[in-house]
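Each chain, letter by letter, is given below.
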Amino acid sequence: MIFVTGSVFAQQSSLSVEKIMQDPATYIGDWPSTPAWSEDGHTLYFEWNPLGEFESDSLFKITRDDSTPRQVSRQERLYRGPIFSGWQHGEHIYDADLARKIYVERGDLFLYELETRVSTRLTQTRDIEAAPRFSLAGDAIIFERNDNLYKLFIDSGALVELTDLREGATPEDPSPDVQDRFLEDQQSELFEVIQQELVEEELETVAREKDEDFLDLPPTWYLHSKAVSQLQIDPTERFVTFVTSSPSESTKRTRALDWVTDSGYTEVLMARGKVGISARDRHLYIQDLTRDTTYQVDLYQIEGAYDVPEYMQDQVMEIDSSESKRNLFSYGPFWSVDGQHAILEVRSDDNKDRWLMRLDPVDATLDLLDRQHDEAWIAGPGISWFGGQSTGGWLPDGEHYYFQSEATGYSHLYTVNVETGDIRQLTDGAFEIFDPVLSKHGDLWYFSSSEESSSVRHYYQMDVHGGTRTRLTTLPGRNTAVLSPDEDLLAVLNSLQTRPPEVYVQEPMKPATRITHSQTSTWLEYPWRTPETRNIKASDGVMVPAHVFEPTAPNGAAVLFVHGAGYMQNVHDGWSSYYREYMFHNLLADLGYVVIQLDFRASAGYGRDWRTAIYRHMGGRDLQDYVDASQYTTDTYGITSDHIGIYGGSYGGFITLMALFTEAEHFGAGAALRSVTDWAHYNHGYTSNILNTPATDSLAYARSSPIHFAEGLDDPLLMPHGMVDLNVQFQDIVRLGQRLIELGKKDWEIALYPVEGHGFQEPSSWTDQYLRILKLFETHIRP
């Protein structure tokens, strides 16, 4: 298909940059979010602000008796009772009969009776109570307060301290200062009065310990300078577990500046560390209250803990055992309902391994149930790639633990029998599973899936043991569903490419009823395009998903858009998180431009191989997909490379820089928004997964960082950047600017936004930025 260029005078649009970049709530309309059922399932709440009031007044509701959205009063908003968040088998937030629920509201504990729908306040303190659960007998509530565990008996109100974790050092510990220790020893040697005081202190300590034994108080444990997390006690109340870690202040952090402040003074902002920062020491401890002893779980007993990654083996360097000892940390343990089994999720800091281990709390030994290993990095739906806790939990039988794995190349649902070690795959295919939850009685699964198409998302039901999946949602587009407690209604956030999310309610597999109407009449006046979904053949033969906006009166130019984050999906049938860009692309199409956006290699939604195609070379296969798209544009529309522009923000800005620096013959101009210019200066959690660390894999950073290829710039380049960006920091673009100055490059521009961070907030900033982008394309790529 070759387009014939239309007359420039025929290309007009009712859109303008000023119109589409104004406050989206004013122009598009404020759309709803976060639907949630009340615990009794009678009321559906959701965030919505159609009246443009304060965000604190943006809670609305409908009921089963009244489907008209009504604003929630302040009183109800503050104390609306528990919100249903799934039956959470094994979490003990319901009692064994599912008759009562314990929950936290504004830092206090409340007990909810499901039959009477009555909530009873159990605490009213200035302290924050958290992580409550029922005791195994159901007669008490166990909760966390000030980094310690307590047990509150429901009938009597008696409060029992279960742990005694204290800040600081053990009183008997010697001073860490050598000179102080010398002076203390000298004093006790010279003076009898001090010797006598030490003897009396020892006698008092012995007497106090005897009293504590008689009173059955928990053992005291001093944290020294460590922080405590994941504090819990097993259902039998014998084993306390907790993780200690070095304080976050020990991490070397960057600093940024806030330029436009209330005080009139420039203020320093603490920001993230850079890739390669030392990992925080994290250690898992068990307190056996029966044996009155505390001991550490040695994670390095796991086979594979000392494995050397392939990229380091390729460097033909001798690696001693201390260097191959990877930093390991854990989540859990996750106890079965009866406390007879415990699962520990163990992760490596380089994110190349995740082990599911059976923990014997008596001797702290670990037995392998499942190991997921990836020489690139572990990720996928339900599998955090920033080292966070993965999806997992217990089936009601207390013998099977469920989890997600990319063992087949796509994230699917599995169970493992913790006694036999047998693993069963419950779902399979070239699609992904999202957010699986169990039904009330534990006999069914509910989850979202891309089974029908990578472009759509539907909600499914499946037997707990796997088998046929039944689609419950019926609307086209993108669906996020929330099941009611009785499982007979779905609240659905549904969106289309041309419409933001709206709240619908439906019975499973039945037609849905629309609840909200959010778009303004002004926004609805324009005939918004549904871009055509195509698969563009890449140079390696792979079909790359794309959206194409075709103009009715082509001007002989094209624009390629690159989404941010790397790992996200933009080619789908729902409302895009890049809705401003979506409107901008409609404007460009009105002006005669062909606009193409890809889910290039590295994007989410297409499995493990797609995600990891950029391992050790960002700006390699991902950029090549855009080079191939440029060639596709030439072959399909007859548009030569000098008339093809490229732009994007964050990761999209990075790809734009690499395109103009290393593949200039395929593009005519580019706008790189808030772009990473040197990966050695980005954060650790994201970058180290893909490129390892600069100290261990300098080649990966050298070939992936635009600043090393700046001498290749020949085409016009615009680089907008927020000066208060704490993510891709202002320093990034300043360093590249200096490099371009020293190279004597022309036709480049940095546009500075003094009050903006990584995601712009002010409509005036959005407007200025996109006026510059439009001017760039109109000036340099339009024939």
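Position numbers for residues count from 1 along each chain, tracking the sequence in the order it is written. pLDDT decides what is reported in this predicted model: residues at 70 or higher carry local features, side-chain atom pairs at 80 or more are listed and counted, and totals for whole chains, interfaces and linings draw on all residues regardless. Calculation of side-chain values draws on the structure's entire complement of heavy atoms; hydrogens and water are dropped beforehand.

A.B. asks: Help me understand the overall build of the protein, please; the structure alone is not making it clear to me.
C.D. replies: Scanning the protein from N- to C-terminus turns up 16 helices and 43 strands. In this description the radius of gyration comes from C-alpha coordinates, and the expected globular size is given by 2.2 Å times residues to the power 0.38. The globule rule puts the C-alpha radius of gyration for 783 residues at 28 Å, and the 30 Å found for the protein is close to it. Taking the principal axes of the C-alpha coordinates as reference, the protein spans close to 100 × 70 × 60 Å. The buried label applies to any residue whose accessible area, calculated with a 1.4 Å probe on protein chains only, is under 20% of its type's maximum; exposed applies above 50%, and partly exposed to all values in between. The buried share among the 783 residues of the protein stands at 53%. The contact rule is simple, with two residues in contact once any of their heavy atoms fall within 4.5 Å. Sequence separation of 24 or more characterises 58% of the internal contacts of the protein that already satisfy a separation of 6 or more. For the purpose of counting charges, residues Lys and Arg are taken to be positive, whereas Asp and Glu are taken to be negative. His and the chain ends are not included. Where a charge lies is defined by one atom per residue type, namely NZ (Lys), CZ (Arg), CG (Asp) and CD (Glu). In the protein, which carries 64 positive and 121 negative side-chain charges, the distance between the mean positions of the two groups comes to 6 Å. Every helix listed is a DSSP run of H or I at least four residues long, and every strand listed is a run of E at least two residues long, numbered separately from the N terminus.

A.B. asks: Where do I start with the pairing of strand β2 (residues 43-47) in this structure?
C.D. replies: It is a general feature of regular strands that their side chains alternate between the two faces of the sheet. Within β2, 4 of the 5 residues are buried, which leaves it mostly tucked inside the rest of the structure. When DSSP finds two or more bridges between a pair of strands, those strands are recorded as paired. Pairing of strand β1 (residues 33-37) with β2 involves 3 bridges; the strand directions are antiparallel. Paired with W37 across the two strands is L44, which belongs to β2. Linking β1 to β2, which pair antiparallel, is a turn of 5 residues; within it G41 sits at a positive phi near 75°. Here β2 pairs with strand β3 (residues 59-63) via 5 bridges, running antiparallel. Paired with Y45 across the strands is K61, a residue of β3.

A.B. asks: Can you walk me through the packing of helix α9 (residues 579-590) against helix α16 (residues 763-780) in this structure?
C.D. replies: Each pair of packed helices can be summarised by the angle the axes make with each other and by the distance between the axes. For every element, the axis is a line fit to its C-alpha atoms; helices are fit only across the contacting stretch, and the angle between N-to-C directions ranges from 0 to 180 degrees. It is the contact of α9 with α16, at a shortest axis distance of 12 Å, that shows an interaxial angle of 35°. Note that α9 runs across α16; the crossing there is right-handed. Contacts between α9 and α16 involve R580, E581, F584 and L588 from the former and W766, Y770, I773 and L774 from the latter. Under the scheme applied here, ten amino acids are nonpolar (Ala, Val, Leu, Ile, Met, Phe, Trp, Tyr, Cys and Pro), four are charged (Asp, Glu, Lys and Arg), and all others, including Gly, are polar. Residues of the contact of α9 with α16, tallied by class, amount to 6 nonpolar, no polar and 2 charged. Here a crossing is taken to be left-handed if its near helix is turned anticlockwise relative to the far helix by less than a right angle, and right-handed if that turn runs clockwise.

A.B. asks: Before we go on, may I ask you to explain empty space enclosed by the protein in this structure?
C.D. replies: If a probe the size of a water molecule is rolled over the atoms, the empty space left behind becomes visible. Cavity and pocket criteria rest on a 1 Å grid covering protein atoms alone: a 1.4 Å probe that fits but cannot get out defines a cavity, protein on both sides within 12 Å along at least 5 of 7 lines defines an open pocket, and an atom within 4 Å of a point defines a lining residue. Grid points are joined across faces, edges and corners, and a volume is the space filled by probe spheres set on the points. The tally for this structure, following the rule as stated, stands at 2 cavities of 30 Å³ or more. If you trace the largest cavity, you find 15 residues lining it, with H547, N570, S576, Y582 and Q597 closest to the centre. Secondary-structure elements contributing two or more residues to the lining of the largest cavity are β37 (543-549) and α9. It is α9 that contributes the most residues to the lining of the largest cavity, 3 residues altogether. Counted by class, the lining of the largest cavity contains 6 nonpolar, 8 polar and 1 charged residues. Taken as a whole, the second largest cavity holds about 40 Å³ of empty space. If you go around the second largest cavity, the residues you meet are E345, R354, L356, S390, T391, G392, Y401 and F403. Broken down by secondary-structure element, the contributors of at least two residues to the lining of the second largest cavity are β22 (353-360) and β25 (400-405). Split into classes, the residues belonging to the lining of the second largest cavity amount to 3 nonpolar, 3 polar and 2 charged.

A.B. asks: What is the right way to read the pattern of salt bridges from this model?
C.D. replies: The salt bridge criterion pairs a side-chain nitrogen of Lys or Arg with a carboxyl oxygen of Asp or Glu, the two atoms within 4 Å. Counting across every chain of the model gives 41 salt bridges. In this structure, R371 and D353 form a salt bridge, with 2.7 Å as the shortest nitrogen-oxygen distance. Of this pair, R371 sits in strand β23 (residues 365-373) while D353 is found in strand β22, placing the two residues 18 residues apart along the sequence. Owing to a relative accessible area of 29%, R371 belongs among the partly exposed residues under this scheme. Bridged by salt links that share partners, the residues D307, R326, D350, D353 and R371 form one connected network.

A.B. asks: When you look at the packing of aromatic side chains in this model, what are you seeing that I'm missing?
C.D. replies: Given two aromatic rings, one states the distance between the centres and the angle between the planes to describe the pair. Classification of ring pairs uses Phe, Tyr and Trp, with its six-membered ring standing for Trp, and accepts pairs whose centres are within 6.5 Å; under 30 degrees between planes counts as stacked, over 60 as edge-to-face, and the remaining range as tilted. What the rule picks out here adds up to 46 aromatic pairs. Centre to centre, the rings of Y682 and Y686 are 5.8 Å apart; their planes meet at 85°, and the pair counts as edge-to-face. Judged by its relative accessible area of 9%, Y686 falls in the buried class. Throughout this description, the term charge over a ring refers to an Arg CZ or Lys NZ atom that lies within 6 Å of the ring centre and within 35 degrees of the ring normal. Over the ring of Y150 we find R145; its NZ or CZ atom is 5.5 Å from the centre of that ring. Directly above the ring of F329 sits R282, whose terminal nitrogen or CZ lies 3.8 Å from the centroid.

A.B. asks: What is the right way to read the side chain of N692 from this model?
C.D. replies: Following the sequence through the fold, N692 ends up in the loop between α13 (684-691) and α14 (698-704). Contact partners of N692, with chain neighbours within four places excluded, come to V275, Y311, K352, Y615, R616, T687, D697 and Y701.

A.B. asks: What should I look at first to understand the sheet that holds strand β6 (residues 108-113) in this one?
C.D. replies: In any sheet, the strands associate via hydrogen bonds between backbone groups, in a parallel or an antiparallel arrangement. Across the sheet, which stays open at both edges, the 3 strands sit in the order β5-β6-β7 with antiparallel pairing between neighbours. The open sheet terminates on both sides in strands that have one partner only, identified here as β5 (100-105) and β7 (118-121). Going from strand to strand, the sheet's axes swing by 30° on average, the running direction of each strand aside. Looking at chain direction, β6 and β7 are connected through 4 bridges and run antiparallel. Its bridge partner being in β7, E113 is matched across the sheet by V118.

A.B. asks: Whenever I open this one, the sheet that holds strand β11 (residues 159-161) confuses me. Can you help?
C.D. replies: The 4 strands lie next to each other as β8-β9-β10-β11, forming an open sheet whose pairing is antiparallel. Two strands in the sheet have a free side with no partner beyond their single neighbour: β8 (129-134) and β11. For this sheet, the mean inter-axis angle between neighbouring strands, taken without regard to orientation, is 25°. As defined by bridge partners, β8 adjoins strand β9 (residues 140-145) across 4 bridges and the pair is classed as antiparallel. Residue pairing across strands places F134 opposite I141, the latter belonging to β9.

A.B. asks: Would you take a moment to explain unusual backbone geometry for this structure?
C.D. replies: Glycine aside, the phi torsion of most residues is negative, and most peptide linkages are trans. The omega torsion across G332 and P333 is 5°, close enough to zero to call that bond cis. Its location among the elements puts P333 in strand β20 (residues 328-335). The phi dihedral of L98 falls on the positive side, at around 55°, and the residue is not glycine. L98 gets classed as partly exposed once you look at its relative accessible area, which sits at 23%.

A.B. asks: Got a minute to help me understand the side chain of K352 in this structure?
C.D. replies: Take K352: it is sitting in the loop between β21 (342-348) and β22. Among buried Asp, Glu, Lys and Arg side chains, K352 stands out as unpaired, with E375 the closest opposite charge at 5.3 Å. Every residue in contact with K352, bar those within four places of it in the chain, is listed here: P309, Y311, R326, Q372, H373, D374, E375, A376, I378, Y615 and N692.

A.B. asks: In this structure, what is going on with helix α15 (residues 730-743)? I would like to understand it.
C.D. replies: Here α15 contains 14 residues, and its C-alpha end-to-end distance of 20 Å stays within 8% of the 20 Å for a straight helix at 1.5 Å per residue. Considering only its buried residues, α15 is in contact with α12 (651-662), β42 (717-722) and β43 (748-753). Among the residues trailing α15, G744 stands out with phi positive, at a value near 70°. For a helix, the expected span equals 1.5 Å multiplied by the residue count minus one.

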